[in-house]
Amino acid sequence: MTQRSLLLAVLSTLLALAALLIPLPAVRPRPQQRQIHLNARMFAFEPGSVKVNQGDTVTLVLHSQDVTHGIYLDGYDVNIKAEPGKPAQATFVADRQGKFRFRCSVTCGAMHPFMIGELVVGPNLPFWRAVVALLIVVAGSILTLRSAAPQATPHVSASDQATR
Ligand SMILES: [Cu+2]
């Protein structure tokens with residue numbers, strides 16, 4: 001391994017580590033107050049997927065369109081029930097990132113077990129860091145291999161050679 005290719009390998013490793021580990025305080029959006037209305041009917045929630053940012057204070061308002069439905073949110077200890085015409089609500093701080101399932105907590109019919117939605121608390125920073133780190137490693141490896149390979153074409157032009 002030449003000195004140059006060793007340097008490239010070390011540099012790309014360091015860059016990849018930096019992409020994984022350097023804190024990015026500017027990326028996290030400001031926490032907001034959000035009110036999210038969820039309509040429940042047999043056998044689905046509308047919308048079925050809700051996205052918020054970590055730190056947001058979220059008020060879920062559940063509206064039932066037909067029979068009594070409930071909502072149980074995994075990981076956040078939220079459990080409310082709404083009768084038709086009587087919305088119910090719960091407020092919580094989305095302090096953990098990730099995907100959290102919510103499901104109907106009232107047995108409302110045959111397809112009740114499939115009445116599921118998801119809350120996404122983002123952004124999913126670790127994933128994007130991994131992608132960037134991987135790209136750096138790939139680019140670094142390619143550069144390292146290319147510089148390690150014997151140079152076929154000299155960088156010296158013909159006129160330069162003539163003056164030597
Ligand atoms: Cu239900």
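Residue positions are given per chain, counted from 1 along the sequence in the order it is written. Two thresholds apply to this predicted model, a pLDDT of at least 70 for residue-level local features and 80 or more for giving and counting side-chain atom pairs, whereas whole-chain, interface and lining totals are computed over all residues.

S.K.: I keep staring at the pairing of strand β6 (residues 78–82) and nothing clicks. Help me out?
M.R.: It is a general feature of regular strands that their side chains alternate between the two faces of the sheet. Note: strand β5 (residues 69–73) against β6, 5 bridges, orientation antiparallel. By the bridge assignment for β6, Y72 is matched with N79. In this description, strands pair whenever DSSP reports at least two bridges between them. Comment: elements are numbered from the N terminus, with helices defined as DSSP H or I runs of at least four residues and strands as E runs of at least two. The turn joining β5 and β6, which pair antiparallel and follow one another in sequence, is formed by 4 residues; a positive phi near 80° is taken by G75.

S.K.: Teacher, can you tell me more about the nonpolar core here?
M.R.: Generally speaking, a soluble globular protein has its nonpolar side chains buried in company with each other. Counting 17 residues, the largest nonpolar core has L38, A40, L60, L62, I71, L73 and L119 as the members making the most contacts within it. A per-element tally of this core places strand β4 (residues 57–64) first, with 3 residues. Once C-beta atoms are placed from the backbone, any two residues with those atoms within 7 Å are in contact. Excluding anything up to four places from it in sequence, L73 contacts V78, F100, F102 and L119. By convention in this section, buried Ala, Val, Leu, Ile, Met, Phe, Trp, Tyr and Cys residues joined through C-beta atoms within 7 Å make up a nonpolar core. Three exposure classes are used, based on other C-beta atoms lying within 10 Å of a residue's own C-beta, which is placed from the backbone: buried for 20 or more, exposed for 12 or fewer, and partly exposed in between.

S.K.: Would you take a moment to explain the sheet that holds β5 for this structure?
M.R.: Two pairing modes exist for strands in a sheet, parallel and antiparallel, and in both the strands are linked by backbone hydrogen bonds. Taken in spatial order, the 5 strands line up as β3-β9-β8-β5-β6 in an open sheet, and their pairing is mixed. Two strands in the sheet have a free side with no partner beyond their single neighbour: β3 (49–53) and β6. Between one strand axis and the next, the sheet turns by 20° as a mean value, whatever way the strands run. Of the strand pairs in this sheet, β5 and strand β8 (residues 98–103) are connected by 2 bridges, and their pairing is antiparallel. Bridge assignment links Y72 to a residue of β8, and that residue is R103. Angles here are taken between N-to-C directions and fall from 0 to 180 degrees, while the axes themselves are lines fitted to C-alpha atoms, restricted in helices to the stretch in contact.

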